[in-house]
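Descriptive structure summary
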Amino acid sequence: MQSALDITMAYAAAFEETYADDDWSRLERYFAQDAVYEVTGGPLACRLEGRDAILAGMKKSLDTLDRRCDKRHIRLIDGPHASDTDSGGQVAMSWHVSYERGDAPREGFPGRSVVQVADGRITSLQDIYRDSDMEPFVAWMARYGEGLDGRYI
């Protein structure tokens with residue numbers, strides 16, 4: 001069976017393919033049917049339960065923010081760090097995403113993702129933001145983000 005790290009990195013690569021071509025069916029195999037996605041901190045905070053709700057929420061967020069910007073930049077700033085758990089494995093990583101739109105200055109925010117994997121599927125995905133780290137992006141959205149949203153629900 002693939003390791004939690006292998007599954008997480010394959011999912012991340014598949015997510016970027018989906019961002020490019022909008023084929024969400026390729027991501028279904030990575031999530032358990034009863035998986036949970038929780039976003040904590042900042043204006044995007046929410047909890048989505050179930051694979052279908054997770055994929056629909058991710059699509060909504062990409063369609064109302066990422067795809068409406070001219071460019072999206074993501075870079076890994078720490079990790080990935082994998083560890084074993086009683087039910088499988090966990091992978092944690094920190095990253096930074098930024099956006100370019102028209103004449104607006106490039107702006108973004110850091111986040112941390114924690115992925116729980118059991119039986120070869122993601123059972124829990126958590127994106128963690130600190131409110132203080134989100135403040136510049138919230139201000140950017142207020143000034144330059146007309147028509148942008150990014151919320152999952």
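Structure's up top.
This text gives an overview of the structure that appears in the document. Every value quoted in this text rests on a predicted model; they were computed, and no experiment measured them.

Quick notes on the rules
- Just so you know, the residues in each chain are numbered from 1, in the order the chain's sequence is written.
- In keeping with the predicted nature of the model, local features appear solely for residues at pLDDT of at least 70, side-chain atom pairs appear and are counted solely at 80 or more, and the whole-chain, interface and lining totals rest on all residues.
- The basis for every side-chain value is the complete set of heavy atoms in the structure, and neither hydrogens nor water enter the calculation.
- Numbering of helices and strands runs from the N terminus; a helix is a DSSP stretch of H or I covering at least four residues, while a strand is a stretch of E covering at least two.
- The globule rule used here is 2.2 Å times the number of residues to the 0.38 power, and the radius of gyration it is set against is calculated over C-alpha atoms.
- Relative accessibility under 20% of the residue-type maximum defines a buried residue, over 50% an exposed one, and the middle range a partly exposed one, all with a 1.4 Å probe and only protein chains included.
- Every residue pair with non-hydrogen atoms within 4.5 Å of one another is taken to be in contact.
- Here the accessible surface of atoms and residues is derived via Shrake-Rupley with a 1.4 Å probe, and residues count as covered only by protein chains that are part of the display.
- Under the counting rule used here, the positive set is Lys and Arg, the negative set is Asp and Glu, and His together with the chain ends is not counted.
- A charge is said to be at NZ when it belongs to Lys, at CZ for Arg, at CG for Asp and at CD for Glu.
- Strands are treated as partners if at least two bridges between them are detected by DSSP.
- For every element, the axis is a line fit to its C-alpha atoms; helices are fit only across the contacting stretch, and the angle between N-to-C directions ranges from 0 to 180 degrees.
- Note on terminology: a nonpolar core comprises buried Ala, Val, Leu, Ile, Met, Phe, Trp, Tyr and Cys residues joined through side-chain atoms within 4.5 Å.
- Every case where a carboxyl oxygen of Asp or Glu lies within 4 Å of a side-chain nitrogen of Lys or Arg is listed as a salt bridge.

1. Section: the overall build of the protein
The number of helices and strands found in the protein is 3 helices and 6 strands. Walking the protein from its N terminus toward its C terminus, one meets helices and strands in the order α-β-β-α-β-β-β-β-α. Taking 15 Å as the expected radius of gyration for a compact globule of 153 residues, we find that the protein reaches 15 Å, a close match to that expectation. Structurally, the protein occupies a C-alpha span of about 50 × 30 × 25 Å along its principal axes. Each of the 153 residues in the protein was classed as buried or not, and the buried ones make up 42%. Sequence separation of at least 24 residues holds for 57% of the intrachain contacts in the protein that already meet a minimum separation of 6. In the structure as shown, the protein presents an accessible area of about 8000 Å², 47% of it carried by carbon and sulfur atoms. Distance between charge centroids for the protein: 4 Å, based on 18 positive and 27 negative side chains.

2. What about the pairing of strand 5 (residues 107–118)?
Pairing between strand 4 (residues 88–100) and strand 5: 11 bridges, direction antiparallel. Bridged to G89 within strand 5 is V117. Linking strand 4 back to strand 5 in an antiparallel pair, the connection comprises 6 residues, with G102 at a positive phi of about 55 degrees. Inspection of the sheet shows strand 5 paired to strand 6 (residues 121–128) by 7 bridges, in the antiparallel sense. Bridging across to strand 6, Q116 finds its partner in S124. Counted along the chain from strand 5 to the antiparallel partner strand 6, the turn is 2 residues long, and its residue D119 has a positive phi close to 50 degrees.

3. Regarding the sheet that holds strand 2 (residues 46–49)
As summarised here, the arrangement of the 6 strands in space is 2-1-6-5-4-3, forming an open sheet in which the pairing is mixed. Two strands close off the open sheet at either side, each with one partner strand: strand 2 and strand 3 (71–85). With strand direction ignored, the average angle separating the axes of adjacent strands in the sheet is 15 degrees. The sheet strands contacting helix 2 (residues 51–64) are strand 1 (31–40), strand 2, strand 3 and strand 6, and the helix crosses strand 1 at an angle near 45 degrees.

4. What about the nonpolar core?
Formed by 41 residues in total, the largest nonpolar core has its most connected members in Y11, F31, M58, I122 and Y152. The dominant element in this core, judged by the number of residues it contributes, is helix 1 (residues 4–21), at 6 residues. Setting aside residues up to four positions removed in sequence, I122 forms contacts with I7, Y11, Y30, F31, A32, A35, V115, Q116 and V117.

5. Considerations on the pattern of salt bridges
Inspection of the entire model under this criterion finds 15 salt bridges. Between R26 and E17 there is a salt bridge whose closest N-O contact spans 3.5 Å. Exposure remark for E17: the relative accessible area of 43% places this residue in the partly exposed category. Across the salt bridge formed by D21 and R26, the nearest N and O atoms sit 2.8 Å from each other. Owing to a relative accessible area of 42%, D21 belongs among the partly exposed residues under this scheme. Connected through salt bridges with shared partners, the residues D22, K59, D63 and R67 form a single ionic network.

Limitation: the analysis is restricted to geometry and does not speak to function.
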